[in-house]
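Report on the structure
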Amino acid sequence: MATHFVIEGLKATIEEKEILKGIDIEIKGGEVHAIMGPNGTGKSTLASALMGHPKYEVTEGKALLDGEDLLEMEVDERARAGMFLAMQYPSEIAGVTNSDFLRSAINARRGEGNEVSLIKFIRQMEGKMKELEMNPEFAHRYLNEGFSGGEKKRNEILQMMLLDPKIVILDEVDSGLDIDALRIVAEGVNTMRTEDRGFLIITHYQRLLNYVKPDFVHVMMQGRIVKSGGPELAERLEKDGYDWIKEELGIVDETVGEQV
Ligand SMILES: Nc1ncnc2c1ncn2[C@@H]1O[C@H](COP(=O)(O)OP(=O)(O)OP(=O)(O)O)[C@@H](O)[C@H]1O
Ligand SMILES: [Mg+2]
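Our subject in this report is the structure included herewith. (Residues numbered from 1 in each chain as written. Chains lettered and ligands numbered in written order. Predicted model: local features only at pLDDT ≥ 70, side-chain atom pairs only at ≥ 80, totals over all residues. Heavy atoms only, no water.)

We now examine the coordination of the magnesium ion (ligand 2). Distances from the magnesium ion (ligand 2) to its protein donors, namely Ser44 (OG) and Gln88 (OE1), fall within the range 2.0 to 2.2 Å. Residue serine 44 is located in helix α1 (residues 43-51), and its partner glutamine 88 is located in the loop between β6 (83-86) and β7 (93-97); the two are separated by 44 residues in the primary sequence. Relative accessible area serves as the criterion here: at 26%, serine 44 is assigned to the partly exposed category. (Donors = N, O, S within 2.8 Å, 3.2 Å for Na, K, Ca; no water. Helix = DSSP H or I, 4+ residues; strand = E, 2+ residues; numbered from the N terminus. Buried < 20%, exposed > 50% of the residue type's maximum accessible area, 1.4 Å probe, protein only.)

Following this line, the structure appears as structure tokens:
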């Protein structure tokens, strides 16, 4: 069955402050949805709330992955159900090697009694690292410690490729990538684009979308999707910025500020 992900009327607060004010998005398997929007409008909050980050309290709405309510699940259950987030600011974990981290993440996703064998894991990891043109040494370094900005992003894509998720959320995975790395990462995403997987790509720039063609582009302001369209919307934003949307909709301050 093709993947089907529905976010409905999602509201979330951080320390009692409402950041997400009712988000609706439907992603079918094979589709790529891009979310664009000015700084501080709630894009990363949406990603974190869907993954179950404890700082964000979902107060209303649903997030159904193939009919199952994610919001009822613990963080590890969401990963096991097939949710994956490449974070805007990937964390460093000293003392845990990249390869150990990846292997336990894969095993957590596969579930008890279904662990991947060490040999098979190493073969898969090395294969994917090669596709991403990563230096094999990165397998043995501590997770993200001392990685450059672009190296961290490439490493997030390595995790995505190995974890075989159903819904992939990429939060500014293109920021800090050099031109070649952008192409390599985009190719990685394109090979993963099958009908049992959907993508939500948060980005500020159209250039990633030149390589990974979105089916839908959504603009987020004030914790809401205020406009949706096709790839042409991203092109317009690149050319004209956000003012025209604000004028069209009568929005003065686009951030999730104190105003209502
Ligand atoms: N943990 C937190 N504690 C307090 N405020 C937060 C927290 N996380 C997010 N916010 C606030 O919520 C608002 C939305 O933040 P978010 O990170 O979702 O924005 P964004 O759209 O991803 O912006 P950017 O494009 O700059 O990444 C901001 O005003 C931010 O300061
Ligand atoms: Mg963000």
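In this section: the layout of surface pockets. For the largest pocket, the calculated volume is near 830 Å³. Every residue lining the largest pocket is counted, 33 residues in all, and those nearest its centre are Met51, Leu85, Met87, Phe101 and Gln159. Elements supplying a minimum of two residues to the lining of the largest pocket: α1, α2 (75-81), β6, α3 (98-110) and α5 (149-163). Sort the elements by how many residues they give to the lining of the largest pocket and α3 lands first, with five residues. (1 Å grid on protein atoms, 1.4 Å probe; cavity = no way out; pocket = protein on both sides within 12 Å on 5 of 7 lines; lining within 4 Å. Points joined across faces, edges and corners; volume = space filled by probe spheres on them.)

This part covers the sheet that holds strand β5 (residues 68-69). The strands making up a sheet are joined through hydrogen bonds of the backbone, oriented either antiparallel or parallel. Across the sheet, which stays open at both edges, the four strands sit in the order β2-β1-β4-β5 with antiparallel pairing between neighbours. Across the chains shown, the open sheet's two edge strands, defined by having one partner strand only, are β2 (17-28) and β5. Looking at chain direction, strand β1 (residues 4-14) and strand β4 (residues 56-65) are connected through eight bridges and run antiparallel. Counted as the bridge partner of threonine 13 is glutamate 57 from β4. (Pairing = 2+ DSSP bridges.)

To continue, consider the nonpolar core. By size, the foremost hydrophobic cluster in this structure holds 35 residues, and its most contacted members are Ile157, Met160, Leu170 and Phe199. Among the elements that make up this core, the one with the highest residue count is helix α6 (residues 179-192) (seven residues). Residues Leu20, Ala49, Leu70 and Leu85 belong to the second largest nonpolar core, which totals 26 residues. (Core = buried A, V, L, I, M, F, W, Y, C linked by side-chain atoms within 4.5 Å.)

Following the sequence through the fold, glutamate 254 ends up in the segment after α9 (243-249). Here lysine 246 takes part through its side chain, which lies 3.0 Å from a polar atom of the side chain of glutamate 254. If we skip the residues at most four places from it in the chain, glutamate 254 touches Pro38, Thr41, Met221, Gln222 and Lys246. (Polar contact = N/O pair within 3.5 Å; in protein donor to acceptor, adjacent residues only side chain to side chain. Contact = heavy atoms within 4.5 Å.)

Here we come to the pairing of β1. The sheet contact formed by β1 and β2 spans nine bridges and is antiparallel. When the bridges of β2 are listed, valine 6 appears paired with glutamate 26. The antiparallel hairpin formed by β1 and β2 contains two residues in its connecting segment, where glutamate 15 sits at a positive phi of about 45°.

On to the site of ligand 1. Surrounding ligand 1, one finds 14 residues, the nearest of these being Asn39, Gly40, Lys43, Ser44 and Thr45. At a separation of 2.8 Å, an oxygen atom of ligand 1 approaches a polar backbone atom of glycine 40. Tyrosine 56 is positioned with one of its side-chain polar atoms (N or O) 3.3 Å from a nitrogen atom of ligand 1. Contact with the protein chains covers 69% of the free accessible surface of ligand 1, which is 630 Å². Considering each element in turn, the shell around ligand 1 owes the most residues, three residues, to α1. (Near = heavy atom within 4 Å. Areas by Shrake-Rupley, 256 points an atom, 1.4 Å probe, with all protein chains shown as cover.)

Attention shifts here to the packing of aromatic side chains. Taken as a whole and judged by the stated rule, the model has one aromatic pair. Note on phenylalanine 138 and phenylalanine 147: the rings are 4.9 Å apart at their centroids and 85° apart in plane angle, and the pair reads as edge-to-face. There is no split in this pair, since phenylalanine 138 and phenylalanine 147 are both buried. Cation over ring: arginine 236 sits above tryptophan 244, and NZ or CZ is 3.7 Å from the ring centre. (Phe/Tyr/Trp six-rings, centres within 6.5 Å; stacked < 30°, edge-to-face > 60°. Lys NZ or Arg CZ within 6 Å of the ring centre and 35° of its normal.)

What follows covers α5. If you check α5, its first and last C-alpha atoms are 22 Å apart, about what 15 residues at 1.5 Å a residue would give, namely 21 Å. By the criterion of burial, α5 is predominantly enclosed, with 13 of the 15 residues buried. Phi turns positive, to about 55°, at aspartate 164, one or two residues after α5. (Expected span 1.5 Å × (residues − 1).)

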